[in-house]
Structure formats: structure tokens, C-alpha cells
Amino acid sequence: MRSYLIVFLSCTGLALALFAAGPYYFLRSHGEYLSGREIAERQKEDPSLIYGSALRDDASCKIHALELRNPKILALGSSRVMQFRQHSFREDFYNLGGLMNSIHEGHAITKLILEKNPSLIILGIDFFWFHGDLQKPRAYDGQPPATYQPVLRPKDITRTLKYFLKGKIELSHAKNLGLAGKAGNGFGFDGFRHYGRILTGREKSPDQGFRNTLARMERADWRFDHAEFADPGHVRNFVDLIRRLESRGASTILFFPPFARPVNEKMVSMGKSYAYVRDLKRQLDKAGVVYADYTDATAIGSSDCEFVDGFHGGEITYARILKDMARGNDDLRSLLNLAFLETLITENAGRACSPESIPGSLPEIDFLELGCSKDVSPGQLLPSLDS
């Protein structure tokens, strides 16, 4: 009886191993298990490469890119700063968007930033960093930032099989790295976030009409939690972070990233639910922190058609932000390709991104279904792979 059990277990293990082997080698051959260092080195060799994982959060691979480079200009913050691009600047630039989802994470990456001695840091302030219940204030403890560790997990196999069954595997940009990268989604050499599939309608936007963002606000869900006051401990830790960033003489520009108009209006109309955002600005003012406020994107000429979703402005909105920042900052102005920015904005007003920032030949469509006038309507393209 025991020998039969051993044979049964051995055969079962072998069957499972063979079942997993195919998806694993498929994922590995398409770059899903490259180390952060390998990704950074390949993009340095070929700046046209996009890296995007379909299986895990891939922003931490930017740490390795920063280690290999010496950019003079950095963007720092959450995913809401990812739309700044190298072509806007005269000097070497890198976008660290996605590496700072809390004030503590900002402190963790600052040591590496200071080692690179940048001349300018553009930091996007996110309101949810200062919510006392989302995360408790935490003084920096010397902990280094998390590095990219693409290890095989059982759920990688099951997710890949689901993608196959739903027809979501797309390899139209074969030379790129990672399954998302091969579909035109992911990070470019400069850290810019490409949204190729969503912008061209090959993947349905999860925030059409900004309905998902607005519903999250009603539910107080996932970074849109309600509060009346910003946590003073978070504010103190943030002020300490700014002092650290400026300790080597770097110029630091702080700003509040924009919301789409309906999202901003709802945040204002909900009164006490988001009173902590107003309280945060009051506390920063009291602490002497200087910042630009782009919460209302219409103030710089942007529109809902230039957004990726309710709280992520696109490349054109962020070009407008740089242009506006430069009016009062000579350091930034001297580093910008202002003539290029003017042309970029003029030729692409009403779009989330310029055609050059969308991999492949498909144009941007009205992917948010707002009635935006773009190149084509959603009905003129193939159905979404997510439908």
C-alpha cells in the first residue's frame, strides 16, 4: 500500500511540474523573470525598450535604473507623477514615479537620490500620504527601499493560463520586456508610464466616465478614504523629508497633482469627507512649505480629455504643468525644452498622450467615453480584449 502511495504522489508531483513548466518557460522567455538590474541594463543599451510586467508591481525596478545612471533631474512621487518625460528637458532626466506611495517610502529612496547629487527634484504631493488611519506616522528608521524580486509564484501560472483563455496575451511589440511591455504597457527608459493598450482601445478603461473613481470617493475606498484633519505627524515627517532632499543643494519643486474636473468638484462638494486635504495645505503653509497646486487642471488649460483616469493626468496635462512651473522658477526654466513643450501642447491638446508616446501605429481614441474629439471613435477599432 505504501509503495502505491509513493508512486501516486510521485506521479502527481511530476504531472504538476510538467503542467507548470510550460507557462514558466513562456513567462521567462518573454522577460517576466528578468532581475531589476537586467531590465535597467537592457534599457540603457536600447532606450526604445519598454518594460512592463503582467504579474506584479514593477515600479521597484526603477531603483536599479537609478543606480546605473546619474540624472540631473528627477521626478518623485506615486504613479501620479509618471507622465513627465525626458524629451521635456535639456539635461538627463529620470522619473521615479511609483516609488513613493508613502512619506516613509520617500525617506527610504532619498539616500540613493542624494548619492546621485541631482540639481532638480520635482516632487508630487499625494493627499493620501497624510491620512492618519491609512498609515500611522512613522519616523524614518534607515530602512532601504524595496528592490525588485521577480520570483516564481504559483499564482503566476494560474494568472497566465487565465490570460490565455481570455485572449489577453498580446505580443505585438515583441522586442519589449515583460508581457505587459510586449502589449505596449509599462515603463520606458526615462521611467515614463506607457498606457498603449488603454489609450488605443485594445483594453477597456476601468474608469470610463470617471465612474470608478467617483464610486471610490463615495465608498471611501482605496486611497480615497475620508477624514477631517491631516495627521500632524505625517506633516512633520514630510517636512523632514524635504529638508533631507535639499541638504545637498538640490532645488526641489513641490506640487499637488491634478484631478479630472468631476473628481475635483466632487471632492470639494463632499465637504468634511475630504476636509483633511484643505487642512493639509493649511499645515504645509504654516510650516513654510512652498508648493504649486494643480488640483484643478482647468486652471492650466487642461481638460478631462487629457486624463488617463480620474486621478491620473496624461502626458499633455503634465507638459502644461511644467510650462506653468517654469513661469516662476528660473532653475526649471533653464532646464526645459520650452519650444518643444509649446509644440507638444499645441499639437496634442485634448489628448492624454502624444502619438510618439503610444507604442505602435494605432491612434488614441475616446477611451474614457467622454465625447472627446480624437483620431477615431471606439467603434472603429476591434473590440477590447477584455470584453
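Each value, and the rule that gives it
- Residues numbered from 1 in each chain as written.
- Predicted model: local features only at pLDDT ≥ 70, side-chain atom pairs only at ≥ 80, totals over all residues.
- Heavy atoms only, no water.
- Disulfide = S-S within 2.5 Å.
- Helix = DSSP H or I, 4+ residues; strand = E, 2+ residues; numbered from the N terminus.
- Buried < 20%, exposed > 50% of the residue type's maximum accessible area, 1.4 Å probe, protein only.
- Pairing = 2+ DSSP bridges.
- Contact = heavy atoms within 4.5 Å.
- Axes fitted to C-alpha atoms, helices over the stretch in contact; angles between N-to-C directions.

The next thing to look at is the state of the cysteines. Tallied over the full model, the rule gives one disulfide. The partner cysteine of Cys305 in its disulfide is Cys372, sulfur to sulfur 2.0 Å. Disulfide Cys305-Cys372: the torsion about the S-S bond is -90°, which places it as left-handed. In this pair, Cys305 is assigned in the loop between strand S7 (292-293) and strand S8 (307-309) and Cys372 in the segment after helix H14 (338-348), connecting sequence segments 67 residues apart. Both residues of the pair, Cys305 and Cys372, count as buried.

All right, on to the sheet that holds strand S2 (residues 93-97) then. Overall, parallel pairing links the five strands, which are arranged S2-S1-S3-S6-S7 in an open sheet. The open sheet has two free edges, formed respectively by S2 and S7, since each of these has just one partner strand. With five bridges connecting them, strand S3 (residues 120-124) and strand S6 (residues 251-256) associate as parallel partners. Paired with Ile122 across the two strands is Ile253, which belongs to S6. Against the sheet, helix H12 (residues 315-326) contacts S3 and S6, and its axis sits at roughly 125° relative to S6.

Let's shift gears to unusual backbone geometry. Unlike most non-glycine residues, Asn117 shows phi in positive territory, near 50°. One can find Asn117 in the loop between helix H4 (103-116) and S3. The class for Asn117 is partly exposed, based on a relative accessible area of 43%. Even without a glycine there, the phi angle at Glu369 is positive, about 50°. Taking the relative accessible area as the measure of exposure, Glu369 reaches 48% and is therefore partly exposed.

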